[in-house]
Amino acid sequence: MPRVSQDHLDARRRQILDGARSCFARYGYEGATVRRLEEATGLSRGAIFHHFRDKESLFLALAEDDVLRMAEVVAAQGLVQVMRELLSSPAGTGDTLSPADWLGTRLEVSRRLRTDPEFRARWAERSEQLTVATRERLLRQREAGKLRDDVDVHVLTAFLELVLEGLVSHLAMGLPADDMDPVLDLVEETVRRHRRSG
């Protein structure tokens, strides 16, 4: 029996995650039945659960994948850029997440955090990656003299994370997002170091 290459396994895993993301976004966690996951991924349940132990493991892997993508953007460009991409990306191709799909996953995470203590414990480990990436980016910005120095970095991190959560809630309510750029400009300006004139 020929061995399956790691590239093939990685591509199959990506296919499952991409299909599952749209399925969870469309139907929610409970509504994303195994049959719907099969349809969304184009694979059998055996193929799906060869890569993931169960539906919860698949959902956590999907949410973790989103966190890793966000952490990469944060490290390079900051958390506000993640928010800008969420508002502007038209489709979920390549490294860019579709806002609708990302939002669907994010809302399911939020719902399960409120109702499922076991999920909350498992998620805490994963979400810390984004917090750490944000804090490290802010520390680098402070060392470069670009970040205000009168507020603790932990407070600035919490501020940016709360803005992200507020944006998610705004989008979840179906409110218009086309006027958010000036709001995000204000958020960036709030954490930036201001030069005193005179």
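Placed above this text is the structure.
First things first, this report covers the structure right here in the doc. All values reported here derive from a predicted model rather than from experimental measurement.

A look at the overall build of the protein
Helix and strand counts for the protein come out as 9 helices and 0 strands. The 198 residues of the protein split such that 38% are buried. Restricting the contact set of the protein to residue pairs at least 6 apart, pairs at least 24 apart contribute 69%. Per element, the accessible surface of the protein, about 11,400 Å² overall, is 51% carbon and sulfur.

Notes on the nonpolar core
Ranked by size, the top nonpolar core spans 47 residues in total, and within it Phe-24, Leu-58, Leu-79 and Leu-164 carry the most contacts. Elements with a minimum of two residues in this core: helix H1 (6–31), helix H4 (55–77), helix H5 (79–88), helix H6 (99–115), helix H7 (117–143), helix H8 (153–172) and helix H9 (181–191). With 11 residues, H4 is the largest single contributor of residues to this core. Setting aside anything within four residues of it in sequence, one finds Leu-58 in contact with Ile-16, Leu-17, Ala-20, Phe-24, Leu-37, Ile-48 and Phe-52.

Considering the environment of Asp-185
Relative to the helices and strands, Asp-185 is located in helix H9. On the accessibility criterion, Asp-185 (42% relative accessible area) is partly exposed. Spatially, the C-alpha atom of Asp-185 lies 9.9 Å from that of Arg-84, the residues being 101 residues apart in sequence.

Observations concerning the pattern of salt bridges
One pass over the full model with this rule turns up 20 salt bridges. Here Arg-106 makes a salt bridge to Glu-165, at a shortest N to O gap of 2.1 Å. Remark: Glu-165 occurs in helix H8 and Arg-106 occurs in helix H6; sequence separation between them is 59 residues. One network of salt bridges, in which partners are shared, links Arg-14, Asp-18, Arg-21, Asp-65, Asp-66 and Arg-69.

Structural notes on H8
Its 20 residues place the ends of H8 29 Å apart at the C-alpha level, agreeing with the 28 Å of an ideal helix rising 1.5 Å per residue. All of the buried residues in H8 are Val-153, Leu-156, Thr-157, Leu-160, Leu-164, Leu-167, Val-168, His-170 and Leu-171. Buried residues along H8 cover an arc of 165 degrees about the axis, so they all sit on one side. Capping of H8 at its N-terminal end is provided by Asp-152; its side-chain oxygen lies 2.7 Å from the backbone amide nitrogen of His-154.

The rules behind each value
- Residues numbered from 1 in each chain as written.
- Predicted model: local features only at pLDDT ≥ 70, side-chain atom pairs only at ≥ 80, totals over all residues.
- Heavy atoms only, no water.
- Helix = DSSP H or I, 4+ residues; strand = E, 2+ residues; numbered from the N terminus.
- Buried < 20%, exposed > 50% of the residue type's maximum accessible area, 1.4 Å probe, protein only.
- Contact = heavy atoms within 4.5 Å.
- Areas by Shrake-Rupley, 256 points an atom, 1.4 Å probe, with all protein chains shown as cover.
- Core = buried A, V, L, I, M, F, W, Y, C linked by side-chain atoms within 4.5 Å.
- Salt bridge = Lys/Arg side-chain N within 4 Å of Asp/Glu carboxyl O.
- Expected span 1.5 Å × (residues − 1).
- Arc of directions from axis to C-beta.
- Polar contact = N/O pair within 3.5 Å; in protein donor to acceptor, adjacent residues only side chain to side chain.

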